[in-house]
2 protein chains.
Amino acid sequence: MPRTKEANQQIRAEQREHILDAALQIFARKGLDATIDEVATEASISHGLAYRYFSSKEALIQAVVKRVTMTDPLGLQSVLEMPGTPGERLTLLVSRLLASRRDHPAFFQLINHLMDQMQNRAFVAEKQHEAFLKQSQDLFSVIRQLIVEGQATGEILAGNPDQLTTTLTACLEGLTRQAARDPEQFKRQCPDVEILLRLFKP
Amino acid sequence: MPRTKEANQQIRAEQREHILDAALQIFARKGLDATIDEVATEASISHGLAYRYFSSKEALIQAVVKRVTMTDPLGLQSVLEMPGTPGERLTLLVSRLLASRRDHPAFFQLINHLMDQMQNRAFVAEKQHEAFLKQSQDLFSVIRQLIVEGQATGEILAGNPDQLTTTLTACLEGLTRQAARDPEQFKRQCPDVEILLRLFKP
């Protein structure tokens, strides 16, 4: 019995996701200079099949970026609306930020490559560029808001909230880069969340 | 009166340094994909003149890397031998680390590009690769040693010294990346040294 149209569509959609998974891994590991050939090898498919799904590397990068910018793995908005004191919510958010980097290093390493490239090249459509910038600004805003609220309740040390937020986001970015460079060493040396939270203790 | 041989040599040496300065700025800003043409423009010299000093981009990159790895801008060894308690010396070192990134963002951004590239490409001779790795390991060791000594005197909070060192070096790397992406924003948000030192306060 031949496959139905719906079954074919589903298979195509799954294959596409499979290629995007592989692309995320390869671009994370090798940077955006990696080739479609390398992605196809990672996905265990032929070069030709990969091209049937993505007609150029640019199209593939755009699809990966689209997926990255549509993800809100931390549920940022929900953190602000959650019950608990600002300090408790900040603790939860920092734990999630750290755990997500531990569990999905490739995802965050890719984000770092994209940030690096954004300065120099128009590698994504303007709309995606904006979505991407917005994502990192949203993270900054949410952390900053929790810090300001926590300073008001006395749970978080007084001080310039922009500097405190910058310190935390810098630390997270640096940890991601180190994890990408040497995953084994990173597993041994990755700081406990309590260490990062010291930045905020009154 | 024609210039003496010595005068000519001196002019050549100065011109070479001038090109290396420009290369450092350009590679820091645009990554190692930048061209010799761009370096020549930054140095306000002709493409041809640049090539008379460096026969290929590889030669230029190697010269820049050699300069970077020969520099010990922090006087790391002297920090260990300095008078004062371990806590005081760590405070001094963190202040220097932060100030050096504030004052020479291009230098550290270039180091970050080099670290990124080291995973993928043999862009430098083996010897320089090793010198480069050693430099970053030396920084890690010096910070770690001061932390261990400070924990013994009670000036620094107990805890895994590898994790504490990783947190500080990650934070510094992240700050460098942020400074490179948006220097103006960074000047407004760069944390005071006291914030970083909270990571170590007992």
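Position labels on residues start from 1 in each chain and follow its written sequence. Chain labels run from A onward and ligand labels from 1 onward, assigned in the order the entries are written. Under the rules for a predicted model, residues below a pLDDT of 70 receive no local features and side-chain atom pairs below 80 are neither given nor counted, while totals for whole chains, interfaces and linings still include all residues. Values shown for side chains rest on all heavy atoms present in the structure; no hydrogens or waters enter the calculation.

Once that is clear, we can look at the overall build of chain A. Helix and strand definitions here come from DSSP, where helices need a minimum of 4 consecutive H or I residues and strands a minimum of 2 consecutive E residues; each element is numbered from the N-terminal end. On a plain count of helices and strands, chain A comes out with 11 helices and 0 strands. Listing the helices and strands of chain A from first to last along the sequence gives α-α-α-α-α-α-α-α-α-α-α. With respect to the three principal axes, the spread of C-alpha positions in chain A is 65 × 35 × 35 Å. Per-residue accessibility, obtained with a 1.4 Å probe over protein chains only, is compared with the maximum for each type, and a residue is labelled buried under 20%, exposed over 50%, and partly exposed between these values. For chain A, the residues scored as buried account for 48% of the 202 residues in total.

We now examine the side chain of threonine 165 of chain B. All names here are of chain B. Relative to the elements of secondary structure, threonine 165 occurs in helix H9 (residues 161–181). Its relative accessible area of 0% is what places threonine 165 among the buried residues. Contacts between residues were defined by any pair of non-hydrogen atoms, one from each residue, lying within 4.5 Å. Here threonine 165 is in contact with Phe140, Ile143, Arg144 and Ile147, once residues within four sequence places are set aside.

With 26 residues, helix H1 (residues 5–30) of chain B should reach 38 Å at 1.5 Å per residue; the first-to-last C-alpha distance of 37 Å fits that figure. Among all positions of H1 of chain B, only Gln15, Ile19, Leu20, Ala22, Ala23, Leu24, Ile26, Phe27 and Ala28 of chain B are buried. Multiplying 1.5 Å by the helix residue count minus one yields the expected span of that helix.

The subject of this paragraph is the side chain of glutamine 189 of chain A. As for its placement among the helices and strands, glutamine 189 of chain A is situated in helix H10 (residues 183–189). Ignoring sequence-local partners within four residues, the contact set of glutamine 189 of chain A consists of Phe140, Asp162, Gln163 and Thr166 of chain B.

When the copies are overlaid, the least-squares fit takes in C-alpha atoms only where the residue has pLDDT of at least 70 in both copies. Least-squares fitting of chain A to chain B yields an RMSD of 0.1 Å, with the transformation described by 0.0 Å of translation along the axis and a rotation of 180°. Taken together, the rotation and translation describe the operation of a two-fold axis. Most of the interface of chain A is mirrored in chain B, where 97% of its interface residues are also at the interface.

Let us now look at the nonpolar core. We define the nonpolar core as a collection of buried residues of types Ala, Val, Leu, Ile, Met, Phe, Trp, Tyr and Cys that are connected through side-chain atoms lying within 4.5 Å of one another. The biggest cluster of nonpolar side chains holds 58 residues, and the ones touching the most others in it are Phe200 of chain A together with Phe200 of chain B. Residues in contact with phenylalanine 200 of chain B, not counting those within four places in the same chain, are Leu90, Ile147, Glu155, Ile156, Leu157, Leu164 and Leu168 of chain B.

It is worth spelling out the packing of aromatic side chains at this point. To pair, rings of Phe, Tyr and Trp, with the six-membered ring standing in for Trp, must have centres within 6.5 Å; the planes then decide the type, stacked if under 30 degrees apart, edge-to-face if over 60, and tilted in the middle. By the definition in use, this model includes 0 aromatic pairs over all chains. For the cation-ring pair, arginine 12 of chain A lies above tyrosine 53 of chain A, with the distance from its terminal atom to the ring centre recorded as 4.6 Å. Only Lys NZ and Arg CZ are tested; either one counts as a charge over a ring when it is within 6 Å of the ring centre and within 35 degrees of the ring normal.

This brings us to the packing of helix H9 (residues 161–181) of chain A against H9 of chain B. Angular values range over 0 to 180 degrees, each being the angle between N-to-C directions of two axes fitted as lines to C-alpha atoms, with helices fitted over their stretch in contact. Axis separation between H9 of chain A and H9 of chain B bottoms out at 6 Å; the angle between their running directions is 105°. By the criterion of interaxial angle, the relationship of H9 of chain A to H9 of chain B is roughly perpendicular. Counted together, Thr166, Thr167, Thr169, Ala170, Cys171, Glu173, Gly174, Leu175, Arg177, Gln178 and Arg181 of chain A of H9 of chain A and Thr166, Thr167, Thr169, Ala170, Cys171, Glu173, Gly174, Leu175, Arg177, Gln178 and Arg181 of chain B of H9 of chain B form the full contact between these two elements. Across the contact of H9 of chain A with H9 of chain B, the residue classes break down as 6 nonpolar, 10 polar and 6 charged. Roughly parallel here means an angle under 35 degrees, roughly antiparallel means over 145, roughly perpendicular means 65 to 115, and every remaining angle is called oblique. Three categories are distinguished: nonpolar for Ala, Val, Leu, Ile, Met, Phe, Trp, Tyr, Cys and Pro, charged for Asp, Glu, Lys and Arg, and polar for the others, with Gly belonging to the last.

What follows deals with the UniProt feature "DNA-binding region" (unreviewed entry) in chain A. UniProt positions are given in the numbering used here, feature names are shortened, and annotations may be inferred rather than shown by experiment. Here the UniProt-annotated "DNA-binding region" (unreviewed entry) positions come out as residues 35–54 of chain A. Span residues 35–54 of chain A is 70% helix and 0% strand, its end C-alpha atoms 12 Å apart.

As a further point, take the interface of chain A and chain B. On the side of chain B, 34 residues touch chain A, which itself brings 35 residues to the contact. Values labelled buried area give the accessible surface lost by two parts on being combined, using a 1.4 Å probe and summing over both. Summed over both partners, the interface of chain A with chain B comes to about 3200 Å²; 47% of that surface belongs to carbon and sulfur atoms. Looking at the side of chain A facing chain B, the largest losses of area belong to Gln163, Arg181 and Arg198 of chain A, adding up to 21% of the total buried there. Salt bridges, as used here, are contacts in which a Lys or Arg side-chain nitrogen is within 4 Å of a carboxyl oxygen on Asp or Glu. Inspection of the region where chain A meets chain B yields 0 salt bridges. Put simply, the parts of the chain that give the side of chain A that touches chain B at least two residues each are helix H1 (5–30), helix H7 (105–118), H9 and helix H11 (193–197) of chain A. Here the side of chain A that touches chain B takes 15 residues from H9 of chain A, the largest share from any one element. Of the residues in the side of chain A that touches chain B, the class split is 15 nonpolar, 9 polar and 11 charged.

One confidence number per residue, pLDDT, is output by the predictor and ranges from 0 to 100. Mean pLDDT over chain A stands at 85; residues scoring 70 or higher make up 92%. The lowest-confidence element of chain A is H7 of chain A, averaging 76 in pLDDT; the highest-confidence one is helix H2 (residues 36–42) of chain A, averaging 94.

Another aspect to go through is the pattern of salt bridges. Under the counting rule described, the total for this entry stands at 14 salt bridges over all chains. With a shortest N-O distance of 2.8 Å, glutamate 173 of chain B and arginine 177 of chain B are connected by a salt bridge. With a gap of 4 residues between them, glutamate 173 of chain B and arginine 177 of chain B both fall in helix H9, about one helical turn apart. The pair formed by glutamate 173 of chain B and arginine 177 of chain B is uniform in burial state, with each residue classed as buried. Several salt bridges converge on common partners, so that one network encompasses Glu17, Asp21 and Arg67 of chain A.

Residue and element names in this part refer to chain A. Helix length check: helix H6 (residues 86–103), at 18 residues, gives a terminal C-alpha distance of 25 Å against a target of 26 Å (1.5 Å per residue), a fit within 8%. For H6, the full list of buried residues reads Pro86, Gly87, Arg89, Leu90, Leu93, Val94, Leu97, Leu98, Ser100 and Arg101. Buried positions in H6, seen along its axis, are confined to an arc of 165° and lie on one side of it. What the arc covers is the set of directions going from the helix axis to the C-beta atoms.

Checked against the element boundaries, leucine 114 of chain B lands in helix H7 (residues 105–118). Remark: the alpha-carbon pair of leucine 114 of chain B and phenylalanine 132 of chain B, spanning 18 residues in sequence, is separated by 9.0 Å.

Two cysteine sulfurs form what is called a disulfide whenever their separation falls within 2.5 Å. Scanning the entire structure with this criterion turns up 0 disulfides over all chains. Not engaged in a disulfide, the cysteine cysteine 171 of chain A finds its nearest cysteine sulfur in cysteine 171 of chain B; these two sulfurs lie 4.6 Å apart. You can see cysteine 190 of chain A has no disulfide; the closest cysteine sulfur is in cysteine 171 of chain A, sitting 9.6 Å from it. We classify cysteine 190 of chain A as buried; its relative accessible area is 4%.

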